[in-house]
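Working through the structure, step by step
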Amino acid sequence: MNESDDRQRLAALRAEINQHNFRYYVLDRPAVPDAEYDALMRELEAIEAKHPDWITPDSPTQTVGAPPSHAFETVEHQVPMLSLDNAFDADEFAAFDRRVRERLGHDQPVTYLAEPKFDGLAISLTYEGGVLARAATRGDGRRGEDVTDNVRTIETVPFRVDLPGDSRIEIRGEVVMTHASFAEINRRAERRGEKVFANPRNAAAGSLRQKDPRVTARRPLHFFAYGIGAAEGIEAPETQSGWLDWIERLGFAVAEHRDRVEGLEAAQAFHASLGEKRAGLAFDIDGVVFKVDSLADQQRLGFVARAPRWAIAWKFPAEEKLTQVRDVEFQVGRTGALTPVARVEPVAVGGVTVANITLHNMDEIERKDVRIGDWVRVRRAGDVIPEIIEVLPEKRPDDARKIELPGTCPECGSEVLRDETQAVARCTGGLYCPAQRREAIRHFASRRAMDIDGLGEKWITLFLERHLVEHVDDLFRLNRDDLIALPRMAEKSADNLLASLERAKETTLARFLFALGIPLVGSETADDLATHFRSLTPLRQAKVEDFIEGRGIVGIGPKREESLREWLSAQSAEPSTPLADRVAASRPHGIDEQTLERVTAAFETVGDLARAAEQGQLQNETITKVPGIGPEIARSIVAFFKQDHNNEVIDGLLDAGISWPAPKGPVEDAPLTGKTFVITGSLPDMTRDEAAARLTALGAKVTGSVSSKTSALIAGEAGGSKLAKAEKLGVPVLNAEALARLLDDPANIIADP
Ligand code: IVH
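Residues numbered from 1 in each chain as written. Predicted model: local features only at pLDDT ≥ 70, side-chain atom pairs only at ≥ 80, totals over all residues. Heavy atoms only, no water.

Time to look at the environment of Met686. Mapped onto the fold, Met686 is located in the loop between β21 (676-680) and α26 (688-697). Exposure remark for Met686: the relative accessible area of 15% places this residue in the buried category. Between the C-alpha atoms of Met686 and Ala740, which are 54 residues apart in sequence, the distance is 10.0 Å. Dropping the residues within four chain positions of it, Met686 is found in contact with Ala691, Arg694, Leu739 and Leu743. (Helix = DSSP H or I, 4+ residues; strand = E, 2+ residues; numbered from the N terminus. Buried < 20%, exposed > 50% of the residue type's maximum accessible area, 1.4 Å probe, protein only. Contact = heavy atoms within 4.5 Å.)

Turning our eyes to something else, we now look at the state of the cysteines. If you walk through the whole model with that rule in mind, you get zero disulfides. Lacking any disulfide linkage, Cys427 is separated from the closest cysteine sulfur, that of Cys412, by 3.6 Å. (Disulfide = S-S within 2.5 Å.)

Let's shift gears to the packing of helix α3 (residues 90-104) against helix α9 (residues 263-277). The axes of two packed helices give the description: the angle between them and the distance between them. At a minimum axis distance of 11 Å, the contact between α3 and α9 shows a crossing angle of 140°. In terms of their interaxial angle, α3 and α9 are classed as oblique. In the crossing of α3 with α9, the sense of the turn from one axis to the other is right-handed. In this structure, α3 uses Ala90, Phe93, Ala94 and Asp97 to contact α9, whose residues at the interface are Leu264, Ala267 and Gln268. Of the residues in the contact of α3 with α9, the class split is five nonpolar, one polar and one charged. (Axes fitted to C-alpha atoms, helices over the stretch in contact; angles between N-to-C directions. Parallel < 35°, antiparallel > 145°, perpendicular 65-115°, else oblique. Left-handed = near helix turned anticlockwise from the far one by under 90°. Nonpolar A, V, L, I, M, F, W, Y, C, P; charged D, E, K, R; others polar.)

What follows deals with the site of the ligand. Around the ligand, 14 residues are found, and the nearest of them are Pro116, Phe118, Arg138, Glu174 and Lys291. Taking Tyr226, its side chain carries an N or O atom lying 3.4 Å from an oxygen atom of the ligand. Considered on its own, the ligand offers 520 Å² of accessible surface; in the complex 88% of this is hidden by protein. Elements supplying a minimum of two residues to the shell around the ligand: β3 (111-118) and β10 (285-292). Among the elements that line the shell around the ligand, the one with the most residues is β3, at four residues. When its residues are assigned to classes, the shell around the ligand shows eight nonpolar, one polar and five charged. (Near = heavy atom within 4 Å. Polar contact = N/O pair within 3.5 Å; in protein donor to acceptor, adjacent residues only side chain to side chain. Areas by Shrake-Rupley, 256 points an atom, 1.4 Å probe, with all protein chains shown as cover.)

Purely geometric numbers; function is a separate question.
The structure is reproduced here in structure tokens:
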């Protein structure tokens, strides 16, 4: 090797080893076996031994671990990352095609490369000597953010590609998230009470812009390359499609549905055909991008300010259709809620025939002023659930009828009540109402609940009609003779159903709780309850206070707390001065008499109040003790277990032999069992009680004072004496950020004290 080869190889090796260090040290997810890493290191050492003056302090041979992350520095794009012009229909696309031909000065059909318009976020990957050197977001097109560390966690972004040592190329494309991953991430977020993402695009963007690459690494992202930016030391092909084939050969994912199309008609056909495939794709696309295939022609066409003249994004139309409302029926759900459902003239929307559209509740009917006979514009929201967008008043027939809430339940005739504060109307029939019973049993048997295979609506209705089953516990008392006596029940089906019931008896506490159909308790909440209570008995006995606790002083919010602080700072009284006296002498502003009385009743001296104010304990707030359970759910749970008839059914189920694995020992297998924490100071994202509840749920103990046995002190702002003590005793101190990471991934963070 000559000197210049050595130089290039040295740079490439350093870059690659740094990537492996990052994967190994930061992500805990090495990309290559140790032997391969060692070989790279040896090669680098050999070159450095040959040229000792090339050794720099930042060479991987001289450093340990991973270089510090340079999250979100600004990166200047060598070639701006442009936007695309849009076409919204075939005419606009035809106009674009015409302009292209005019500018090129011919009237031959133009060949375009057609591919999906991915609905994610654009990034640019720079490879130097074939090694990924930098990844940047589009930003404002000229300057983006450096997201290299995060992009390195994306499986479909190669670290190293087979390119000459002196080459430098920018691969551009889109980072997307699949529908399935999006749903999973939102499920997880919901379970933790965190904010959910509105759509996969936001989820992808949010995941890529995480400060901690380990978080990004847990979010399944995909990268699709669609072009190149700056390129040096690489022989360019003659066409856009040539570039894409080349990029694909390098090892990147490119659009599977891409094609060269010649002329207007072929372009339109591609657009129509991809539009049909759209609903079945794993990720969102929102149109077709057409790019003039010849790179020479692209050059001739050039750019306008923000977009190339040689490309266009032909967007898919939002799936909207007109149809007519034939009737509105009210369905009775498991909790008795009456849901109005519009029966419309069947119409195809986004490849699916829509005949029934929920109107949710009477408020929505009134707001949209939907009447029977109306023409309505419908769409599939998020391309899944059909909805009525609006009524077309100009097409309203003279005999259109207003929709009235029925006074009695359409299924059982019981009175229907509509709570003034709530939009929902409910059947008051309770378990007398066959619809409510049917839905309760259906819910009980459903997949995420007891998962009773083969127990569908048809059988449930029949069991109810024949009075074989009234409540869910009766299911387990069905016998073979009862079943085979039923019409259309073959012996084999009866045996299968009995076997499913038998299998379903072995379940989990979370499934069982979900199956009970406690109002407001969905499967995520049921998980939270099972994690916290670990067995049924304490949950059945729980009081509202076991879930939530009121804190601070009623009537004090952030503003009044501030007024009190101001008042305090204006007082020159001794801390031991009785508060009532001081208040009588000088009244704090903006606090009404009643609230002020509560304050003086709660604190004896000025000093007591000052301490509470300093520790942020004045504001009235509700503290949740069980993660994920707010006051409304808590009240609903307690009310449910108070009802005798619910307890009878639960006992019946337990008698029938429903069981779940007993929790092992005292929170033995929870990740933080045996750890003791102390919390001090104020945390930005949660109250101390919330933090304590979440740690306890993970098996930890939370105590009030720091000792040598404390595993760690969680210190927010203004830690004070506890912080000093922890430091003296050498107890590890975690800040808010470290706490968040600990709660997120308890196994990974904390070492034994
Ligand atoms: S080409 C100069 N191709 O659309 C051409 N962009 O509206 C620049 N996008 O920021 C882009 N799929 O994030 C191109 N197949 C595709 C694309 C695509 C999605 C995005 C890209 C760009 C935006 C412009």
